[in-house]
Amino acid sequence: MRPSARERLSLNTMTTKQLSLDEAVALALRLDVPALGLWRDKVEEVGLAAAARRLREAGLRASSLCRGGFFTAVTDEGVRAALADNRRAIDEAAALGAPELVIVAGGLPDGDRDLLAARQRVADRLGDLVPYAVDHGVRLALEPLHPMFVADRAVVSTLEQALDLASEHDASAVGVVVDTFHVFWDPAAEPMIDRAGREGRISSYQVCDFNLPIVEGALLSRGMMGDGHVDFERWTRAVTRAGYVGDVEVEIFNADIWSRDADRVVEQMRGRYDELVAPWL
């Protein structure tokens with residue numbers, strides 16, 4: 001039976017960055033949000049065992065853990081450090097009951113201009129980590145980022161690139177994230193969502209708007225649904241058509257929202273979700 005739209009709503013802890021994990025858990029309970037998308041810094045603040053216990057006692061799901069990845073190092077030391085950090089992230093996701101570890105590929109190292117070689121290193125590191133992730137019951141969820149981040153954050157810019165990398169592995173081991181901020185510009189994204197659905201690879205659907213003007217740092221242009229330029233009906237219909245029935249995370253990076261009262265932010269978030277996303281799930 002397909003869960004209701006409200007049952008699928010997840011508050012990503014970045015949306016309420018101003019709160020501690022304990023405060024985010026309490027807010028989710030107060031406002032009837034059944035899941036949290038966790039960032040590792042919030043877990044680290046209280047400790048892994050304590051974070052897992054608090055989620056369990058509150059009856060909240062961890063829809064995902066963010067983030068692993070940053071796979072593009074060229075030195076042996078850099079590769080070893082990336083693998084060690086990602087194995088820790090997999091351990092954390094397993095302990096928290098988070099089925100998906102969001103993977104951001106990483107950008108170009110200083111002085112490097114070879115995107116093809118960097119993407120090959122991403123493929124190599126995925127291959128290194130998949131057996132460990134599978135053993136721990138965690139899927140690696142590869143997230144393509146908007147191409148304005150290709151040099152510094154993610155050499156994987158499109159769903160097609162992410163799916164091609166994932167295709168080397170079983171769908172239960174490597175999936176992809178559909179994030180409206182990062183894919184709404186891409187004319188090939190809808191057919192790639194269809195492909196991801198056929199392959200069983202949609203790990204997560206993350207929603208926020210694309211605001212203008214682009215602010216310094218760019219990522220902080222992630223806005224509340226309805227404030228920017230994303231057609232949420234179109235993208236939600238696409239993931240629904242592809243068969244996705246998982247959690248829908250609201251993940252917003254926005255200094256103005258972080259300065260506001262978190263309860264009011266989440267109340268507005270629920271209203272915009274009910275209006276702009278839920279009808280198409």
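Everything here concerns the structure above.
This one's a predicted model, so the numbers in the text were calculated from it and none came from an experiment.

K.L.:
What exactly am I supposed to notice about the overall build of the chain here?
P.N.:
Helix and strand content of the chain: eleven helices and ten strands. For 281 residues, the compact-globule estimate of 2.2 N^0.38 gives 19 Å, and the chain sits close to it at 18 Å. The buried share of the chain, taken over its 281 residues, is 55%. Sequence-distant contacts, at least 24 apart, represent 81% of the contacts inside the chain between residues at least 6 apart. Within the structure as shown, the chain displays about 11,600 Å² of accessible surface, and the carbon and sulfur contribution to it stands at 50%. Computing the positive centroid from 32 side-chain charges and the negative centroid from 45, the chain places the two 2 Å apart.

K.L.:
How do you make sense of the packing of aromatic side chains when you look at a structure like this?
P.N.:
Aromatic ring pairs: the centre-centre distance and the angle between the two ring planes describe each pair. Tallying each qualifying case throughout the model produces four aromatic pairs. An aromatic cluster is built from Trp39, Phe253 and Trp258, whose rings are joined through pairwise contacts.

K.L.:
What's the story with the packing of helix H3 (residues 48–58) against helix H4 (residues 76–96) in this structure? I'm lost.
P.N.:
Packed helix pairs are specified by the crossing angle of their axes together with the interaxial distance, meaning the distance between the axes. At a closest axis distance of 9 Å, the pairing of H3 and H4 adopts a crossing angle of 30°. The orientation of H3 relative to H4 falls into the category roughly parallel. Once H3 is placed against H4, the crossing between them reads as right-handed. Together, Leu48, Ala51, Ala52 and Leu55 of H3 and Glu92, Ala95 and Leu96 of H4 make up the contact between the two elements.

K.L.:
Help me understand H4 in this model?
P.N.:
Each full turn of the α-helix corresponds to 3.6 residues, which orients residues three or four apart in the same direction. Look at H4: 30 Å from first C-alpha to last across 21 residues, which is about the 30 Å you get at 1.5 Å a residue. If you check which residues of H4 are buried, you get Val79, Ala82, Leu83, Asn86, Ala89, Ile90, Glu92, Ala93 and Leu96. Backbone geometry just after H4 places Gly97 at a positive phi near 75°.

K.L.:
How should the pairing of strand S3 (residues 61–69) be read in this particular structure?
P.N.:
The buried fraction of S3 is high, at seven of nine residues. Examined bridge by bridge, strand S2 (residues 35–39) and S3 share five bridges and lie parallel to one another. Its bridge partner being in S3, Gly37 is matched across the sheet by Ser64. Pairing between S3 and strand S4 (residues 100–104): four bridges, direction parallel. In the strand pairing of S4, Gly68 is matched with Ile103.

K.L.:
Got a minute to help me understand the packing of H4 against helix H5 (residues 115–135) in this structure?
P.N.:
Interhelical geometry of H4 versus H5 gives an angle of 30° and a closest axis separation of 10 Å. Here H5 runs roughly parallel to H4, going by the angle between their axes. The way H4 lies across H5 gives a crossing that is right-handed. Facing H4, whose interface residues are Val79, Leu83, Asn86, Arg87, Ile90 and Asp91, H5 presents Arg125, Asp128, Leu129, Tyr132 and Ala133. Of the residues contributing to the contact of H4 with H5, the split by class is six nonpolar, one polar and four charged.

K.L.:
Whenever I open this one, the side chain of Thr180 confuses me. Can you help?
P.N.:
Take Thr180: it is sitting in helix H7 (residues 180–183). According to the relative accessible area criterion, Thr180 is buried, its value standing at 0%. If we skip the residues at most four places from it in the chain, Thr180 touches Tyr205, Gln206, Val207, Cys208, Val230, Phe232 and Trp235.

K.L.:
Explain the sheet that holds strand S1 (residues 9–12) to me, please; I cannot follow it from the model alone.
P.N.:
Strand pairing in a sheet is mediated by backbone hydrogen bonds. Such pairs are either parallel or antiparallel. Here eight strands make up a closed barrel; going around it, the order is S1-S2-S3-S4-S5-S6-S7-S10 and the pairing parallel. The average angle at which neighbouring strand axes cross in this sheet is 30°, direction not considered. Looking at chain direction, strand S6 (residues 174–179) and strand S7 (residues 202–207) are connected through four bridges and run parallel. When the sheet's bridge partners are listed, Val177 is paired in S7 with Ser204. Where helix H1 (residues 21–30) meets the sheet, it contacts S1 and S2, and its direction lies at approximately 165° from that of S2.

K.L.:
Can you help me understand helix H6 (residues 159–166) in this one?
P.N.:
Those residues of H6 that fall on the buried side of the exposure criterion are Leu159, Ala162, Leu163, Leu165 and Ala166. Buried residues in H6, looked at end-on, bunch into an arc of 160°, giving them a common side.

K.L.:
Got a minute to help me understand the pattern of salt bridges in this structure?
P.N.:
Close approach of charged atoms allows side chains with opposite charge to pair. Applying the stated criterion across every chain, the model contains 20 salt bridges. Connected through salt bridges with shared partners, the residues Arg40, Asp85, Arg88 and Glu92 form a single ionic network.

K.L.:
Would you explain unusual backbone geometry in this entry?
P.N.:
The omega torsion of the bond from Cys66 to Arg67 falls at 0°, within 30 degrees of zero and hence cis. Summarising the element assignment, Arg67 is placed in strand S3. In this chain, Leu212 is followed by Pro213 through a cis amide linkage whose omega measures 0°. Located in the positive-phi region is Asp32, a residue other than glycine, with phi close to 60°.

Here is what the cut-offs are and how they apply
- Residues numbered from 1 in each chain as written.
- Predicted model: local features only at pLDDT ≥ 70, side-chain atom pairs only at ≥ 80, totals over all residues.
- Heavy atoms only, no water.
- Helix = DSSP H or I, 4+ residues; strand = E, 2+ residues; numbered from the N terminus.
- Rg over C-alpha atoms; globule rule 2.2 N^0.38 Å.
- Buried < 20%, exposed > 50% of the residue type's maximum accessible area, 1.4 Å probe, protein only.
- Contact = heavy atoms within 4.5 Å.
- Areas by Shrake-Rupley, 256 points an atom, 1.4 Å probe, with all protein chains shown as cover.
- Lys, Arg positive; Asp, Glu negative; His and termini not counted.
- Charge placed at Lys NZ, Arg CZ, Asp CG, Glu CD.
- Phe/Tyr/Trp six-rings, centres within 6.5 Å; stacked < 30°, edge-to-face > 60°.
- Axes fitted to C-alpha atoms, helices over the stretch in contact; angles between N-to-C directions.
- Parallel < 35°, antiparallel > 145°, perpendicular 65-115°, else oblique.
- Left-handed = near helix turned anticlockwise from the far one by under 90°.
- Expected span 1.5 Å × (residues − 1).
- Pairing = 2+ DSSP bridges.
- Nonpolar A, V, L, I, M, F, W, Y, C, P; charged D, E, K, R; others polar.
- Arc of directions from axis to C-beta.
- Salt bridge = Lys/Arg side-chain N within 4 Å of Asp/Glu carboxyl O.

Functional significance is not addressed by these values, which are geometric in nature.
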